[in-house]
Each structure stands twice: as C-alpha cells, then as structure tokens.
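# A structural walkthrough
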Amino acid sequence: MRLGGGASFLSTSLLKVLRELCAAAYVGVRIYLRYPMWILSDLITSPLWAVVILLPILLFLPPEAWGSGVVAQNFFWGMVLWYVVSTSLMGIGSAVRSEQQMGTLEQLLLTNANRAVLFTRRLTFELFSLTLNTAYMYVFVQLLFGKPITVENPLPVLLVLAAAMAIAVGFGLIYGTLILWIKNPGALSNILQFVIMGLSGIFYSIRGLPAPLQYISYALPFTYVADLLRHEAMGTPTLLPLHLEYLLVAALAVALNAAGYLAILHVEKRLKRTGKLGVY
Amino acid sequence: MERVRRLARAALGVYVKEMKIWLRYPTWIFAFIALPYMLSGLFNGIGYSIAGPRAVENFARNTGVSNPFLFYTLGTALLLATEVLLQDVAYSIRSEQLLGTFELHYLAPAPTWLIWILYLFPHSTIMVVVLLATTLPVLAFSGVLSSPIDFLYACSVLALGMLPLLGIALALAALVVRYKEPGAVVSLVQSVVILLSGYFYPLTVFPAWVSALSQVLPTTHVISILRSLLLAGEGVSPLDRRLLTLLALAVAYPVIGLYSYRRWESEARRRGELSKY
C-alpha cells in the first residue's frame, strides 16, 4: 500500500492483520507437516482413546442400550466439543509456554505484529486437526454403534461450531495471558480441561448436575456452545430461549476475544516494565 | 566394593536431581492426586446423566462391582502410575538431549542403561505418594480395606507389575536413542497399553481375541489381581495363574528391553548418531 495513497486507516489495518494471519497460518502448517509421525499417531490413537472414554460411560447402561442412537450422537458431539476445549487450553493457551520453552517468545514480542495473531498461530493446525478428527470420529462412531450420526440442521451446526472456535480462541487468549503472567502453569491445563468438561455439559446436559453445580455451569461459556450444538444437531431442548442463547454465544465470542486481546497487551506492558518478560 | 560405591553415588545424584525437578513444580503432584477423583467424577456424572437412578445397578451388573467411584478412582490412579513409569526413561533421555546434557551421561562411572533405570526411582517415589494419597482415602471411606496384610499384598503385586514395565520402558528408550523424537511412538504404545489393560472396564467387553492379546501386558494382570483383592474382597493365591504370568513377564520383559537398548545404543554409537538430534 502506497504511503499517502487512498487507502483508509481501517483497510490498511485489516490488510496488515490479514497478512499476519497468513504468515501465522503458514508457520502453523509448516510445523504441523514437519512431524508426519504425529499425524499418523493421532489418526491411530484417536479411536483408541474414544473407546477408552466411551466404555466407562456405557457401563452405566444395560448392555441392550449400548447400541442406542442417542448415546452414539451424544458421544460423537461430546468428542467434537472436547477437541474444541482442548484447542482452547492446550493449543492456544499453552502456545505461550511452548514459545517460552523454545526461547522464541522474546523475539516474537519484539515484532510489531498483532499479539493475538502471534498466540493463535497454532490455530491453523489445531483447526486442521479438529476437522480431521471430526471426520474420522464421524466414521468411527457409526461403525462402532452401527447407527447413523444424523445432523438435524447442518448449517446452524456449522455456525455454532464457528462460534465455538471463536469462543475457544477468546478463552485461550485469556488463559494464554495467565500463563504469560504466571510462567509455568504446571498441571493447570489438565485440571481446567476436566473441570470445564464436567461442568459445561460437554457429553451431557447440565440439567443432570446437582443444583449448586449448575450455577457454575451457567457461568461457563462452553455450556451454551454445547447446549446449542446438541440442539441444532440432535433437536434437544435448549437451556435458554433459542434466540437468547444465540445472542449470548455471539456476545461471548466477541467479549472473550476483546478481553483476551486487551489482557495480553496489559500483561505484556507490565512484564516489560518489571523486566519479567524473559524470566521463566 | 568401589564399583558399588560409585553406583550408589550415581543413584543418589540422579535421585536428588530428579526430586528437585519434581518439587520445583508441586502442582504436578497435586494434579496427579486430583486427576483420579476428577476423572472418576466425570465418568460417574455422565453415567448418572444418561442412565438415571438405575446407573449403579447397571454398573454392578456389567462389572460385578457396586461402587463405580472406587472402581474408576483406582483405575485412574493405576493408569497414571504405570504410564509415568512406562514413558519415563524415554522422556528423560529426550529431555537430556534437548538440554544438551545427554552426552555427559556417558562420562558417568556407570553404564548408561543403568543410569536411565535409576531415573525410575525418584519418579516411583512420587508415584507411590500419589497412589497412596489417591487410593487410601477412597478405599478407607468405602470400607473395602479389610486388613493391612491385604493392602501390603496388593502393594507387592503392584511392585511386581512394575518390573515388566521397566523392560518396556527400556525398549522405548532404545527408540529415542536410535530415532530421537519419541512422542509419537510413545503415545501410540501408551494408547494400546491403556486400551488393552482394562483400567476402566472389564476386558470381557471385548471379543475373545482382544482379551487374549491383552494377556501379554503386565498391567492387565496387575489390575485384575488388584480388583480381586481390593474391590471384590477375594483372596489371590500365590499360585494364581495371573500372578504366575506376571512373574514370567517380570523376567521376560526386562531381558528383552535391556537387549534392545544395548543393541540400539551400540548401533547408534557405531554410526555416529548418538549426538544427532
């Protein structure tokens, strides 16, 4: 873009962010394809893990109900949502930690690139992995249960999944900022993952939870994503009126991303001032 | 005598170093203690949600155990303990490679395979703490801990079950020395072990050929014996078939593991690939 040309400030900024997104995506893809054994290992281990998670749940049902279509549907969408939560915490949130460990965090923060883009560069291969795993689980669950996985409203399902990823990015940015601040999260990611999965109704509706826990569930953003996804895919009733739940999910996607972005800027500035940016 | 003293010094050095690293990140220890309860809670929560008030009755019918919380807590604790030991040597080597301290181990006055095995002791200490902190409260609360002798017997079975894992760990370590990046292969082996060991379900849910295949894994027998002792309250005779199989595996796996490690290490040395990573 020529200096002093006709481009507006907004379009220049958008172009810059787009370029940064492309560069981040390119890095993400290069890293993903550098380790083909990991891709192969993911493809083999995903169904094995699915069986390991599914069987303990099925043991609560009588054997004649194991082939139920509803269980298969719940399980399939639960696995998809699990990937989304993992992407948020392990993919985006922990990206800061992996940059710290590789010793590239300081170099990244010396650039004038958008901070949110820097920390979401793993998003490309996380998205690729999510798509691959979803397609794979779709076939696997159908083979396992012998029941078709049907989607009642395909377009709204895609819309909800896009919103889920937006929320995952926002949540991941906030979590990533926390890691930037505390340096070593230890096992926090693993603990948080189980807490979110348990309380957000990833595999089941939160209506089955004890009343006090339901209050916590209502405060978690993934609860509404899971609820909407099951509604659009399986026709289950929603927790809130449908239009309100859509509105809430959209608002959460915007608010979490804005909060995450501002938090990164604030923490980076503070760490630079106190000289703790490179301490870990 | 001098050799023993040198080995003891090396063992102490490795122990102190690894324990310092563990204690530097205490949240991991708390996480290991909390995870079995959390995973068990998750399975139970989903189970109640989908099956309603008949969940426990169905569970008892499918597994022969009427306490699903205890069943899954014990299963997860054992899974964590065995998986940490299984991947430990491989990841310790990889971590030394990445830190640039791998070659220094060849200057130590002890064979490298022995040094890598020594890494298991500090990690085992943490795992014992985790296992006790996880299983004792839930066993005591459930009232299934009939006598301290039974508990000691269970601990001995667990210790015996760790010996074959040492062999598998050495074989995985050989892969790291030879092929460097272990993550994908270790993850694959772990997934197969977790699937076939039956930490979270009785193996009778699988077809007969899968159950037969699972008999080559030491963890399958450890879990089966511990369930008999702690969950079903059954005695396990020292001549029990599962115990004898475990004993045989405790001899066979370390021999195979050691052979693989020494062979692949010498191959890497011969090709000049030891320091390439």
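On a predicted model such as this, the values are computed, not experimentally measured, just so you know. (Residues numbered from 1 in each chain as written. Chains lettered and ligands numbered in written order. Predicted model: local features only at pLDDT ≥ 70, side-chain atom pairs only at ≥ 80, totals over all residues. Heavy atoms only, no water.)

Another point: the overall build of chain B. Of regular secondary structure, chain B possesses 11 helices and zero strands. Along chain B, helices and strands appear, N-terminal first, in the series α-α-α-α-α-α-α-α-α-α-α. Across its three principal axes, chain B shows a C-alpha extent of roughly 65 × 40 × 40 Å. Per-residue burial for chain B yields a buried fraction of 52% across its 277 residues. Nonlocal contacts in chain B, meaning residues at least 24 apart in sequence, comprise 77% of its contacts between residues at least 6 apart. A total of about 12,800 Å² of accessible surface is found on chain B, and carbon and sulfur atoms cover 69% of it. Distance between charge centroids for chain B: 6 Å, based on 21 positive and 14 negative side chains. (Helix = DSSP H or I, 4+ residues; strand = E, 2+ residues; numbered from the N terminus. Buried < 20%, exposed > 50% of the residue type's maximum accessible area, 1.4 Å probe, protein only. Contact = heavy atoms within 4.5 Å. Areas by Shrake-Rupley, 256 points an atom, 1.4 Å probe, with all protein chains shown as cover. Lys, Arg positive; Asp, Glu negative; His and termini not counted. Charge placed at Lys NZ, Arg CZ, Asp CG, Glu CD.)

Regarding its fold elements, chain A presents 12 helices and zero strands. Beginning at the N terminus, the succession of helices and strands in chain A can be written as α-α-α-α-α-α-α-α-α-α-α-α. Here the C-alpha atoms of chain A give a radius of gyration of 20 Å, agreeing with the 19 Å that 2.2 N^0.38 yields for 280 residues. In terms of its C-alpha atoms, chain A occupies a principal-axis envelope of roughly 70 × 45 × 40 Å. A burial count over chain A gives 51% of its 280 residues as buried. Sequence separation of 24 or more characterises 76% of the internal contacts of chain A that already satisfy a separation of 6 or more. Element-wise, carbon and sulfur atoms account for 72% of the exposed surface of chain A, whose accessible area totals about 13,200 Å². Charged side chains of chain A number 18 positive and 11 negative; the gap between the two group centres comes to 15 Å. (Rg over C-alpha atoms; globule rule 2.2 N^0.38 Å.)

Now for helix α2 (residues 26–51) of chain B. Residues and elements named next belong to chain B. In this model α2 runs 38 Å from its N-terminal to its C-terminal C-alpha over 26 residues, within 8% of the 38 Å that 1.5 Å per residue would give. For α2, the principal kink sits at A34 and spans about 35°; a proline, P36, occurs within the next four residues. G52, located one to two residues past α2, shows a positive phi value of around 70°. (Expected span 1.5 Å × (residues − 1). Bend = angle between axes of the 7 residues up to and from the residue.)

A separate point is the interface of chain A and chain B. If you look at the interface, chain A gives 35 residues, while chain B gives 38 residues. Three residues stand out in chain A for area buried against chain B, namely A:L59, A:F60 and A:F194, and they jointly supply 24% of the buried area on that side. Between the two partners, chain A and chain B, sit zero salt bridges. Between chain A and chain B we count six residue pairs in polar contact (both at pLDDT 80 or more) in total. A per-element tally of the side of chain A that touches chain B places helix α2 (residues 36–58) of chain A first, with 14 residues. Residue composition of the side of chain A that touches chain B, by class: 26 nonpolar, eight polar and one charged. (Buried area = accessible area lost by both parts, 1.4 Å probe. Salt bridge = Lys/Arg side-chain N within 4 Å of Asp/Glu carboxyl O. Polar contact = N/O pair within 3.5 Å; in protein donor to acceptor, adjacent residues only side chain to side chain. Nonpolar A, V, L, I, M, F, W, Y, C, P; charged D, E, K, R; others polar.)

Here we take up the nonpolar core. Of all hydrophobic cores here, the largest spans 168 residues; its most connected members are A:F75, A:M137, A:F203, B:I93, B:F200 and B:Y201. No other element matches the 16 residues that helix α7 (residues 148–179) of chain B contributes to this core. Ignoring anything within four residues of it in the chain, the contact list for B:Y201 reads A:V51, A:V52, A:L55, A:P56, A:L59, B:F71, B:I194, B:L195, B:F206 and B:R227. (Core = buried A, V, L, I, M, F, W, Y, C linked by side-chain atoms within 4.5 Å.)

Every buried residue belonging to helix α3 (residues 55–63) of chain B is among B:A55, B:N58, B:F59, B:N62 and B:T63, and all of these are buried. Mapping the buried residues of α3(B) onto a view down its axis gives an arc of 110°, with all of them on the same face. Contacts from the buried residues of α3(B) go to α2 of chain A together with α2 and α4 (68–99) of chain B. A positive backbone phi angle near 80° is found at B:G64, which sits one or two residues after α3(B). (Arc of directions from axis to C-beta.)

Residues and elements named next belong to chain B. Throughout the structure, instances matching the rule amount to seven salt bridges over all chains. Its salt-bridge partner being E57, residue R54 comes within 2.7 Å of it at the nearest N-O pair. The partly exposed category is assigned to R54, whose relative accessible area is 49%. Within this structure, E267, R270 and R271 form a network of salt bridges that share partners.

There is a patch of nonpolar side chains on the surface, built from A:M37, A:L40 and A:I44 and spanning about 260 Å² of accessible area. Within the secondary structure, A:L40 sits in helix α2. (Patch = residues over 30% accessible without salt bridge, like charges linked within 9 Å, V, L, I, M, F, W, Y side chains within 5 Å.)

Time to look at the packing of α2(A) against helix α8 (residues 183–197) of chain B. At a minimum axis separation of 9 Å, α2(A) and α8(B) run at an interaxial angle of 15°. Viewed along their axes, α2(A) and α8(B) adopt a mutual orientation that is roughly parallel. Handedness of the crossing formed by α2(A) with α8(B): left-handed. Facing A:M37, A:W38, A:S41, A:I44, A:T45, A:L48, A:W49, A:V51 and A:V52 of α2(A), the residues of α8(B) in contact are B:G183, B:A184, B:V185, B:S187, B:L188, B:S191, B:V192, B:I194 and B:L195. (Axes fitted to C-alpha atoms, helices over the stretch in contact; angles between N-to-C directions. Parallel < 35°, antiparallel > 145°, perpendicular 65-115°, else oblique. Left-handed = near helix turned anticlockwise from the far one by under 90°.)

This part is about the packing of helix α8 (residues 154–182) of chain A against helix α9 (residues 188–199) of chain A. Residue and element names in this part refer to chain A. One way to put it is that α8 packs onto α9 with a least axis distance of 13 Å and a crossing angle of 150°. Judged by the angle between their axes, α8 and α9 are roughly antiparallel. For α8 against α9, the interelement crossing comes out right-handed. For the pair α8 and α9, the contacting residues are F171, Y175, L178 and I182 in the first and L188, S189, L192 and I196 in the second. Of the residues in the contact of α8 with α9, the class split is seven nonpolar, one polar and no charged.

With that settled, the discussion passes to the environment of B:G257. Residues and elements named next belong to chain B. In this fold, G257 is placed in helix α11 (residues 241–270). The exposure class assigned to G257 is buried, which follows from its relative accessible area of 1%. Counting along the chain gives 253 residues from G257 to V4, while the straight-line C-alpha distance between them is 23 Å. When neighbours within four sequence positions are excluded, G257 is seen to be in contact with G167, L170 and A171.

Glancing now at a positive patch on the surface. On the surface, a cluster of positive charge is contributed by A:K269, A:R270, A:R273 and A:K276. Examined against the element boundaries, A:R273 turns out to sit in helix α12 (residues 242–274).

Counting across every chain of the model gives 20 aromatic pairs over all chains. Among the aromatic residues, those joined into a cluster by ring pairs are A:F60, B:F43, B:Y48, B:F59, B:F71, B:Y72 and B:F200. (Phe/Tyr/Trp six-rings, centres within 6.5 Å; stacked < 30°, edge-to-face > 60°.)

Everything listed here is a matter of coordinates, which is why it stays silent on function.
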